[in-house]
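This is what each chain is made of:
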Amino acid sequence: MTHGHLDVIARAAGLFDEVVVAVGRNSAKNYLFPTEERVDLVRQTTSHLANVSVEPLDGLLVDFARAHGAGVLVKGIRFASDFDFELQMAHINQVVGSVETVMLPASSVWSTLSSTMVREVASFGGDVSAFVPEVVASAIRRRTEGWEQRNG
């Protein structure tokens, strides 16, 4: 959970009466934390947003949306490559699940930030506190200290 993610969630919370954040598993990504821990971290970092809830996602996003009564998916985009991918997904999700997609451009301050880069910096013991909420930075420090002790 980066400041970029939190920014998109907070902006979505200002646009919609209710926002349900889906924390799922992308087979193309390597996660630092298991799903349950990521859900907990997202809940902690969004607790100040009264109309935001956080739930684990297992399966298709359109099925998750249907189960939660959501007719709109919100996606944050940073670059043209994000837009290209999310546009394809929006078309598929419209056909498969009859849901609309709203794309929010990343705020300029977070537009180049990615969780992949944060993981990379953290894996070498770098300080990522400028990029993630403090509760996440603390969890990352605890996790990477374990790596350093095992691999040091």
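All figures in this text were calculated on a predicted structure; none of them were measured in a lab. (Residues numbered from 1 in each chain as written. Predicted model: local features only at pLDDT ≥ 70, side-chain atom pairs only at ≥ 80, totals over all residues. Heavy atoms only, no water.)

Help me out: how do you make sense of the overall build of the chain in this one?
Check the secondary structure of the chain and you find six helices and four strands. Secondary structure elements in the chain, listed N-terminal to C-terminal, are α-β-α-β-α-β-α-β-α-α. Relative to the globule expectation of 15 Å for 152 residues, the C-alpha radius of gyration of the chain, 16 Å, shows essentially globular dimensions. Among the 152 residues that make up the chain, the fraction classed as buried is 37%. Once the 13 positive and 18 negative side-chain charges of the chain are each reduced to a mean point, those two points are 4 Å apart. (Helix = DSSP H or I, 4+ residues; strand = E, 2+ residues; numbered from the N terminus. Rg over C-alpha atoms; globule rule 2.2 N^0.38 Å. Buried < 20%, exposed > 50% of the residue type's maximum accessible area, 1.4 Å probe, protein only. Lys, Arg positive; Asp, Glu negative; His and termini not counted. Charge placed at Lys NZ, Arg CZ, Asp CG, Glu CD.)

Looking at this model, I keep getting lost on the environment of leucine 61. Mind explaining?
Looking at the secondary structure, you find leucine 61 in helix 3 (residues 61-67). Between the C-alpha atom of leucine 61 and that of alanine 22, which follows or precedes it by 39 residues, the distance is 8.0 Å. Each residue touching leucine 61, except ones within four places of it in the same chain, is listed here: Ala22, Leu73 and Lys75. (Contact = heavy atoms within 4.5 Å.)

Before we go on, may I ask you to explain helix 1 (residues 3-15) in this structure?
Note: α-helices contain 3.6 residues per turn, so residues at a spacing of three or four share the same orientation. The terminal C-alpha atoms of helix 1 lie 18 Å apart, and with 13 residues this matches the ideal 18 Å at 1.5 Å per residue to within 8%. Capping the start of helix 1 is the job of one residue whose side-chain oxygen sits 3.2 Å from the backbone nitrogen of glycine 4: threonine 2. (Expected span 1.5 Å × (residues − 1). Polar contact = N/O pair within 3.5 Å; in protein donor to acceptor, adjacent residues only side chain to side chain.)

Hey, could you run me through the packing of aromatic side chains in this one?
In this description, an aromatic ring pair is defined by two values, namely the gap between the centres and the angle between the planes. Overall, the coordinates contain zero aromatic pairs when judged by the stated rule. Positioned above the aromatic ring of tyrosine 31 is the side chain of arginine 38, whose terminal nitrogen or guanidinium carbon lies 3.8 Å from the ring centre. (Phe/Tyr/Trp six-rings, centres within 6.5 Å; stacked < 30°, edge-to-face > 60°. Lys NZ or Arg CZ within 6 Å of the ring centre and 35° of its normal.)

Got a minute to help me understand unusual backbone geometry in this structure?
Its identity is not glycine, yet serine 98 carries a phi of approximately 55°, on the positive side. Mapping serine 98 onto the fold places it in the loop between helix 4 (80-97) and strand 4 (100-105).

I'm lost on the pairing of strand 4 in this one. Help?
Residues in a regular strand project their side chains so that they alternate between the two faces of the sheet. Of the strand pairs in this sheet, strand 3 (residues 72-77) and strand 4 are connected by six bridges, and their pairing is parallel. Along strand 4, the bridge assignment pairs leucine 73 with threonine 101. For the crossover from strand 3 across helix 4 to strand 4, the handedness is right-handed. (Pairing = 2+ DSSP bridges. Right-handed = clockwise from strand over helix to strand, strands pointing away.)

Before we go on, may I ask you to explain the pattern of salt bridges in this structure?
For side chains bearing opposite charge, pairing can occur when the charged atoms are close. In total, this model carries seven salt bridges according to the counting rule given. Among the salt bridges present, the one from arginine 66 reaches aspartate 63, with a minimum N-O distance of 2.9 Å. Here aspartate 63 and arginine 66 lie together in helix 3, a separation of three residues that amounts to about one turn. Taking the relative accessible area as the measure of exposure, aspartate 63 reaches 38% and is therefore partly exposed. (Salt bridge = Lys/Arg side-chain N within 4 Å of Asp/Glu carboxyl O.)

I keep staring at helix 4 and nothing clicks. Help me out?
End to end, helix 4 covers 25 Å across 18 residues, agreeing with the expected 26 Å (1.5 Å per residue, within 8%). The elements touched by buried residues of helix 4 are helix 3, strand 3 and strand 4. Directly beyond the C-terminal end of helix 4, a positive phi value near 55° is found at serine 98.

Help me out: how do you make sense of the pairing of strand 1 (residues 19-23) in this one?
Burial along strand 1 is one-sided: Val19, Val21 and Val23 are buried, while Val20 and Ala22, pointing the other way, are not. Direction of pairing for strand 1 relative to strand 2 (residues 52-56): parallel, over a ladder of five bridges. In the sheet register, alanine 22 faces strand 2, and the bridge partner there is glutamate 55. Tracing the backbone out of strand 1, into helix 2 (residues 35-46) and back to the parallel element strand 2 gives a crossover that is right-handed.

In short, the description is geometric, and any link to function would need to be established separately.
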